[in-house]
Each structure stands twice: as structure tokens, then as C-alpha cells.
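# Close look at the chain arrangement
In case you want the letters, here they are:
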Amino acid sequence: MRLAIIGTGYVGLVSGACFSEFGHEVTCVDINEATIAKLRAGEIPIYEPGLDELVKRNSRSGRLKFTSDVREGVKDAEAVFIAVGTPSRRGDGHADLSYVYAAAQQVAESVTRSCLIVTKSTVPVGTAKQVASIVAKSRPDLTIEVASNPEFLREGSAIEDFMRPDRVVCGTESESAQAVLRDIYRPLSLREVPILFVDCETSELIKYAANAFLAVKITFINEIADLCEKTGANVQAVARGIGMDNRIGSKFLHAGPGYGGSCFPKDTTALLKTAEDFESPMQIVKATVDVNNQRKRMMGRKVIAAAGGSVEDKKIALLGLTFKPNTDDMRDSPAIDIVRVLQDHGAKVSAFDPEGRRQAELLLEDVEFAEDAYGAMEDADVLVLVTEWNEFRALDLDRVKRLLKTPRIVDLRNIYRPEQMRAAGFEYTSIGRP
Ligand code: UDX
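The model shown is predicted, which means the values in this text are computed figures rather than measured ones.

## What about the domain arrangement of the protein chain?
With domains assigned, the protein chain is organised as domain 1 (2–197) and domain 2 (227–429). The interface is formed by 17 residues belonging to domain 1 together with 17 residues belonging to domain 2. Between domain 1 and domain 2, the buried area comes to about 1400 Å², and carbon and sulfur atoms account for 50% of it. Three residues, Tyr 47, His 94 and Glu 155, lead the burial of domain 1 against domain 2; their summed loss comes to 41% of the area buried on that side. Counting the contacts that link domain 1 with domain 2 gives 0 salt bridges. Put simply, domain 1 and domain 2 have 7 residue pairs in polar contact (both at pLDDT 80 or more) between them. Looking at the side of domain 1 that touches domain 2 residue by residue, the class counts come to 8 nonpolar, 6 polar and 3 charged.

Here is the structure:
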């Protein structure tokens, strides 16, 4: 099929590349000419494992094209996916839909045949209907239907998630729209991936409910971790113990410094706004957002406590800055709050992140960036493991001890075993473990 994708961010680019890998002819459109020029030259503007190879292979085969001209991109498309950003609106936390609506308007003005417009961006309940009305007003001459098809891609494993999803959710209003989406996802149905057809409102809400539920689950185990620290219990064992109950499940029960990233913080806040608009309060999600925000700052205070109560003029080394490994994404990363709290208390901060430096430099001031993990920890008073990149899992502990001024480690991802670290001579603090 001929598809167009509007927006070449994480979601648009991954979706476009994966659809072309399915065998569809895909044109990715972005108004940012510099981004398109890079993509045409084979450069990938984001870090996502496997994406580089996928884009190159499908560009070479001619199935994946890039353009900054919406008209050219959508002219023969049978379906157009809108995958532009929906950031939090400044001031109120609502999802900012201006890019979605602008894209819908442009697509409507540019298409030359009846087609299906699909919202892939994360959008609040009711957006597909709004898009449908924009499109109908602009092109009464054509039959343009609108569907909703949210993504559930994790950064760092987005391609695997696209190719082997637990399910595909499609919100449609007609049999013909269903048929188009069924054709697009046919390669997955051969792999027996369930495709769930619902109405557009339900589809839009599934996306927010899924992300909010996962955020609640993480925050729940984080609070259990705090209780473990007070009582001497071990949060990893508690997570194993409850995770073996199939009704609970073992995933997303890793206690840590709080969730960050491009989705959970923004989507939980937007869901709260929708709940407010419809006077249907969501107290559990509200508490989750508050607890998570406090937690990120609390992690800074945890480091200060580990440093003996003061970090004034002390050097604190951070390993990992991105909100999780295998991404260069710094959005709402706990590292940002941790650095701020430490600097507010007079610390000098050094840091190393395998991929996040460029984005971190835009967000963090007065941080000394090292070329590798060992470079960051030289003469530091405390070493803090913030993000669980694989390369931090097997550090040369003798070397670490020699490099640190005092052998203190705060492990916010429970990468190491407390007994092992204490036996190696470290003052070791982790999350929810004695
Ligand atoms: C998430 C959803 O998983 C995905 O389905 C959605 O479409 C977009 O948002 P992503 O933000 O890429 O994906 O990352 P994810 O792996 O879900 O992690 C989110 C945050 O939660 C990270 O900061 C991570 O460190 C944290 N986390 C995750 C925990 O602290 N503990 C866990 O057990 C799992």
C-alpha cells in the first residue's frame, strides 16, 4: 500500500521505517527541511537501536522516501498517519494539539483522492472527531475518513515493539476504515498479533490508560521500596513475590529514581486534564504524578545523605543521564532534578552518558562531561548510578575504588548486589534493599 507519515520524530520515523519493512511504499514528511536533508543523506537524527539499518535498507530499496513537501508526500497515499508531537501545553498541562490540527489541515488541502487519515500521535479523547471535522470542512469534495491507531513503542526497543507488539489498537468508525488498517497490519496478523478494533474514543483512551497504569505500577513499587528501606525488607524480593501472581505480573516492578521520558510524565498530566474537563477525577493518577515528581528530587537528597549530610564543594559523579538506557532522550529524566538538587547544595557535578551528552548539555548547566565512566569518577566523593546502561553493569571495581576520593556508591537502579559491594569495600546505598 502507499502510505504517508507526517512527522519524523521517534514515532513517525520508526513507524515509517517499519511499515516500509512490511513492504508498503512509505513517504515520511516533515516540515523541517534540515531533518529531511539529513534523512535523505542516510543520517538518523535520533538514537534508536536498529533504526539506522532499517532506514538505509528500505531507502535503498526505494520503499522509503523523505520529503518536506506535504503535497508531494501525500498525493497518492491510501492512508496518511499523523505522527507529530503533542507536547504538554505551557501553563496547563493539556496536550498541545496545534501540530496535529495543523497537519490535518495541510493533509486535507493536499490530498488528491479519498483516503484514510490515522492519528498515531498520543491525543486526548475526542481528537479523531475534531480531525474529522477539520478535514470534512476543508474537503467536502472527497470522502476522507479518520481513524485512531495509538503506538505503544518503548524508546530503545521501538523497532522490536513495532514488529512484535502485544496488540495493535485501531479506533475506526466504519468497515472500510477497518479494512484499510487490516491491510496495513496484515504482516503482523500473520504472526498472530491481536488487532483490536474499537471506536475512536476508546482507542484514544486505551493509550492514556495504558501509560497511566504503567506509571502507577512503577510508582507503587517505588513507594514499597521506601517502606522496605524503613523496615529492612528487600524490594526486589517483594517485586518477585508479587510479580509471580499472574494477575499482577512481573514487568514494570523495578524500583528506581522515578519514571521520566517523553510519554509517562506528559500523558499522565494530560489524562488528569481530560478527567478534570469531564469532571471525572482520577485520584490514583494524581497521586502518582505528585509522588513521582517528589521522588526525583528525593533522589538528590538521598545522595546528599550518602555523602554524610553535605555535598558543599564535593564532587559528585553521575553515571547515566538519559531517562533510561539505549536512548539519547533526556526529557523529564530524573537526572535533571538530581543534578539541580546537588548543585543547589553546593556540589560540583561530573557526568558520563554513552548517548545523552548532546541533549544533556542543552539542559544542564555547570556539569563537567567526561569521555567515559572512569573519567567522570576521578576524585569524586560519591558515585551515583542513575541510568542502567549495560556498560555500567560490570565496572572494574578496583579501578573505581582507586579513582574515587571516598569509596561511596549510590545505585539508583539496583544494578549491583549490596553484599558484593560491601565486600569490595564500598559504602553502598541502593533502592529499597538492606
Ligand atoms: C513508554 C511506554 O512503555 C510505551 O508503551 C509508550 O508508548 C511510551 O511510553 P518509554 O517512555 O520509551 O515507553 O519507556 P519505558 O521503558 O516504558 O520506561 C519509562 C520510564 O519508567 C523510564 O524512566 C524507566 O526507567 C522507568 N521504569 C520503567 C522504572 O522506573 N521501573 C520499571 O519497572 C519500568
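## Overview of the environment of Tyr 428
Relative to the elements of secondary structure, Tyr 428 occurs in strand β14 (residues 427–429). Tyr 428 gets classed as buried once you look at its relative accessible area, which sits at 5%. Here the alpha-carbon distance between Tyr 428 and Leu 364, two residues 64 residues apart in the chain, equals 26 Å. Apart from residues lying up to four places away in sequence, Tyr 428 is in contact with Ile 409, Asp 411, Tyr 416, Arg 417, Pro 418, Met 421, Arg 422 and Arg 433.

## Considerations on the site of the ligand
Glu 155, His 254, Cys 263, Lys 324 and Arg 413 are the nearest of the 18 residues found near the ligand. Note that an oxygen atom of the ligand is positioned 2.9 Å from one of the side-chain N or O atoms of Lys 324. Arg 413 is positioned with one of its side-chain polar atoms (N or O) 2.8 Å from an oxygen atom of the ligand. In isolation the ligand has 660 Å² of accessible area, and contact with the protein removes 93% of it. In terms of residues, the shell around the ligand owes the most to one element, helix α10 (residues 200–231), which gives 3 residues.

## Quick look at the sheet that holds strand β13 (residues 408–411)
Whether parallel or antiparallel, the strands of a sheet pair through hydrogen bonds between backbone atoms. An order of β11-β10-β9-β12-β13-β14 is seen for the 6 strands of this open sheet, with the pairing classed as parallel. Two strands in the sheet have a free side with no partner beyond their single neighbour: β11 (367–369) and β14. This sheet shows a mean twist of 20 degrees between the axes of neighbouring strands, independent of strand direction. Two strands pair when backbone bridges link them, and strand β9 (residues 315–319) and strand β12 (residues 382–385) are joined in this way by 4 bridges, in the parallel orientation. Paired with Leu 319 across the two strands is Leu 385, which belongs to β12. Set on the sheet, helix α14 (residues 334–344) makes contact with β9, β10 (348–352) and β11; between it and β9 the angle comes to about 175 degrees.

## Focus on the packing of aromatic side chains
In this structure the tally under the stated criterion is 9 aromatic pairs. With 5.8 Å between their ring centres and 85 degrees between their planes, Tyr 259 and Phe 264 make a pair best called edge-to-face. With a relative accessible area of 5%, Tyr 259 lands in the buried category. Taken together, the ring pairs connect Phe 19, Phe 22, Phe 81, Phe 162 and Tyr 185 into an aromatic cluster. The ring of Phe 152 carries the charged tip of Lys 207 above its face, separated from the ring centre by 5.9 Å. The lysine or arginine in question, Arg 399, covers the ring of Tyr 374, its NZ or CZ lying 3.9 Å from the ring centre.

## Digging into helix α8 (residues 175–184)
Restricting attention to buried positions, one finds in α8 the residues Ala 177, Leu 181 and Ile 184. Take α8 and look down its axis: the buried residues cluster within an arc of 55 degrees, on one side only.

## Some words on helix α3 (residues 51–60)
If you check which residues of α3 are buried, you get Leu 51, Leu 54, Val 55 and Asn 58. What you see down the axis of α3 is that its buried residues fit within an arc of 95 degrees, all on one side. Looking at the buried residues of α3, the elements they touch are α1 (10–22), β3 (64–67) and α7 (158–163). Just beyond α3, the residue with positive phi is Gly 62, at close to 85 degrees.

## Things to note about the nonpolar core
One finds Phe 19, Leu 51, Phe 81, Leu 181 and Tyr 185 to be the most contacted residues of the largest nonpolar core, which totals 40 residues. Among the elements that make up this core, the one with the highest residue count is α1 (7 residues). In contact with Leu 51, other than residues within four places in its own chain, are Leu 13, Val 14, Ala 17, Ile 44, Ile 46 and Ile 159. Of all hydrophobic cores here, the second largest spans 36 residues; its members include Ala 225, Leu 253, Ile 304 and Val 311.

## Thoughts on the environment of Ser 203
Locating Ser 203 in the fold gives a position in helix α10. Sequence separation of Ser 203 and Asp 379 is 176 residues, and the distance between their C-alpha atoms is 53 Å. Excluding residues that lie within four positions of it along the chain, Ser 203 makes contacts with Ser 148, Asn 149, Pro 150, Val 169, Cys 170, Gly 171 and Val 198.

## Side note on unusual backbone geometry
Here Glu 279, not a glycine, exhibits a phi torsion of approximately 50 degrees, which is positive. Its location among the elements puts Glu 279 in the loop between α12 (264–277) and α13 (283–306). Using a relative accessible area of 73% as the deciding quantity, one classes Glu 279 as exposed. The phi angle at Asp 313 is positive, at roughly 60 degrees, despite the residue not being glycine. Within the secondary structure, Asp 313 is located in the loop between α13 and β9.

Rules used in this analysis
Residues numbered from 1 in each chain as written. Predicted model: local features only at pLDDT ≥ 70, side-chain atom pairs only at ≥ 80, totals over all residues. Heavy atoms only, no water. Domains from an automatic or database assignment. Contact = heavy atoms within 4.5 Å. Buried area = accessible area lost by both parts, 1.4 Å probe. Salt bridge = Lys/Arg side-chain N within 4 Å of Asp/Glu carboxyl O. Polar contact = N/O pair within 3.5 Å; in protein donor to acceptor, adjacent residues only side chain to side chain. Nonpolar A, V, L, I, M, F, W, Y, C, P; charged D, E, K, R; others polar. Helix = DSSP H or I, 4+ residues; strand = E, 2+ residues; numbered from the N terminus. Buried < 20%, exposed > 50% of the residue type's maximum accessible area, 1.4 Å probe, protein only. Near = heavy atom within 4 Å. Areas by Shrake-Rupley, 256 points an atom, 1.4 Å probe, with all protein chains shown as cover. Pairing = 2+ DSSP bridges. Axes fitted to C-alpha atoms, helices over the stretch in contact; angles between N-to-C directions. Phe/Tyr/Trp six-rings, centres within 6.5 Å; stacked < 30°, edge-to-face > 60°. Lys NZ or Arg CZ within 6 Å of the ring centre and 35° of its normal. Arc of directions from axis to C-beta. Core = buried A, V, L, I, M, F, W, Y, C linked by side-chain atoms within 4.5 Å.

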